[in-house]
Amino acid sequence: MKATRDIKTPLPNRLGIKGWAWAGRYKIERYLYTLHRITGVGLAAYIFIHLIANGFRLGGEDSWEGIMSAFSNPGIKFGEYLVMTAFIIHALNGGRLILQHMGFTLGKPKPPIYPYVDSMRRRRPLTWIMLAVMAALAIYVLVEFVISGA
Amino acid sequence: MRETHFKFLQYLTGIGIFFLVGLHLLISHLGSGEPTEWSSVSQRATSAGWLTIYILILVFGIYHVMHGVRGIILEFSFPQSAVKTLNWALVVIGIAIFGYAVYIPINAYIV
């Protein structure tokens, strides 16, 4: 019997897309992973809509003004706010992931003295700071872009 | 290239997008004036600086999106042959989108 599995055969993803939302006692970082996915897919969809809208520029002024007037309604304005908020969330969480994956937030090694503190808990202050900055920027954009710009 | 190199490029393009899109949003949409008016759009279209920024956003953005989508799809375990097909399909789709998207600012800059 083979002791190890063939690495070319991937392990089955038993949970599928449901695993993004729930697979037991998820911590805040796991929900940030889900939020990163959702905002990423949302931003990708927005980029394609944005590129299609940009294509109307090729039709000249009338074509451009036509699509822009179709876009000037409160629903689109709210959608633009969601896009900007998604950008803030995706960018800040992406920055946190880069810092963690590159090992910048690991801190100095410590002797394992009880009660043990795992690496996730040691990094948690960074997560809370990032969430506070996210919330502040989302409120700033809401006031500056939506409320003042309305 | 190894997976780690592709992942590292994902980080680099993400950082690039952050600064370039941030610049685009700050100057175009959060600054004074109406950025979507035809006169404003036409003025930006004549700028080589804006053209460069748009092309860089497209290169970084399309790589970042395609690699991100690949990462999501690959979570749903596929055999190695299907992964190769997926890789090539994403490359072709990415190049096609880039071709369409880059034509718009280049056409506006030339005409």
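The structure displayed is predicted, hence computed values, not measured ones.

Trainee: Quick rundown of the overall build of chain A? Include the residues and the values.
Mentor: Helix and strand counts for chain A stand at 4 helices and 0 strands. A compact globule built from 150 residues should have a C-alpha radius of gyration of about 15 Å, whereas chain A, at 22 Å, is more than 25% larger. Its C-alpha atoms give chain A principal-axis dimensions of roughly 70 × 45 × 25 Å. For chain A, buried positions account for 9% of its 150 residues. Sequence-distant contacts in chain A: of pairs separated by 6 or more residues, those separated by 24 or more amount to 72%.

Trainee: Which residues make up the nonpolar core, and what values go with them?
Mentor: Counting residues in hydrophobic clusters, the biggest one holds 15 residues, and the most contacted among them are Phe87(A), Leu58(B), Ile62(B), Tyr63(B), Val65(B) and Met66(B). Breaking this core down by element, the ones donating at least two residues are α1 (28-55) and α3 (74-101) of chain A together with α3 (48-74) of chain B. Among the elements that make up this core, the one with the highest residue count is α3(B) (7 residues). Residues within four places of Leu58(B) in sequence aside, it is in contact with Phe98(B), Ala101(B) and Val102(B).

Trainee: Account for unusual backbone geometry, naming residues and giving values.
Mentor: In this structure, Pro115(A) follows Tyr114(A) across a cis peptide bond, with omega equal to 0°. Mapped onto the elements of the fold, Pro115(A) is located in the loop between α3 and α4 (119-147).

Trainee: Describe the interface of chain A and chain B, with residues and values.
Mentor: Contact with chain A, which involves 25 residues of that partner, is made by 22 residues of chain B. Every element with two or more residues in the side of chain A that touches chain B is listed here: α1, α2 (61-71), α3 and α4 of chain A. Partitioning the side of chain A that touches chain B into residue classes produces 13 nonpolar, 6 polar and 6 charged.

Trainee: Account for the environment of Ala96(B), with residues named and values stated.
Mentor: Of note, Ala96(B) is situated in helix α4 (residues 80-110). Along the chain, Ala96(B) and Arg44(B) lie 52 residues apart, while their C-alpha atoms are 25 Å from each other.

Trainee: If you had to explain the environment of Met84(A) to someone new, which residues and values would you point to?
Mentor: Residues and elements named next belong to chain A. Examined against the element boundaries, Met84 turns out to sit in helix α3. In this structure the C-alpha to C-alpha distance between Met84 and Leu43, which are 41 residues apart in sequence, comes to 9.1 Å. Here Met84 is in contact with Val141 and Phe145, once residues within four sequence places are set aside.

Trainee: Can you tell me about the packing of α1(A) against α3(A), naming the residues and giving the values?
Mentor: All names here are of chain A. Contact geometry for α1 and α3: axes closest at 9 Å, N-to-C directions at 130°. By the criterion of interaxial angle, the relationship of α1 to α3 is oblique. Our pair here, α1 against α3, has a crossing hand that is left-handed. Each of Leu32, Leu35, His36, Thr39, Gly40, Gly42, Leu43 and Tyr46 in α1 lies in contact with α3, whose residues at this interface are Val83, Ala86, Phe87, Ile89, His90 and Asn93. Partitioning the contact of α1 with α3 into residue classes produces 8 nonpolar, 6 polar and no charged.

Each value, and the rule that gives it
Residues numbered from 1 in each chain as written. Chains lettered and ligands numbered in written order. Predicted model: local features only at pLDDT ≥ 70, side-chain atom pairs only at ≥ 80, totals over all residues. Helix = DSSP H or I, 4+ residues; strand = E, 2+ residues; numbered from the N terminus. Rg over C-alpha atoms; globule rule 2.2 N^0.38 Å. Buried ≥ 20, exposed ≤ 12 C-beta atoms within 10 Å, placed from the backbone. Contact = placed C-beta atoms within 7 Å. Core = buried A, V, L, I, M, F, W, Y, C linked by C-beta atoms within 7 Å. Nonpolar A, V, L, I, M, F, W, Y, C, P; charged D, E, K, R; others polar. Axes fitted to C-alpha atoms, helices over the stretch in contact; angles between N-to-C directions. Parallel < 35°, antiparallel > 145°, perpendicular 65-115°, else oblique. Left-handed = near helix turned anticlockwise from the far one by under 90°.

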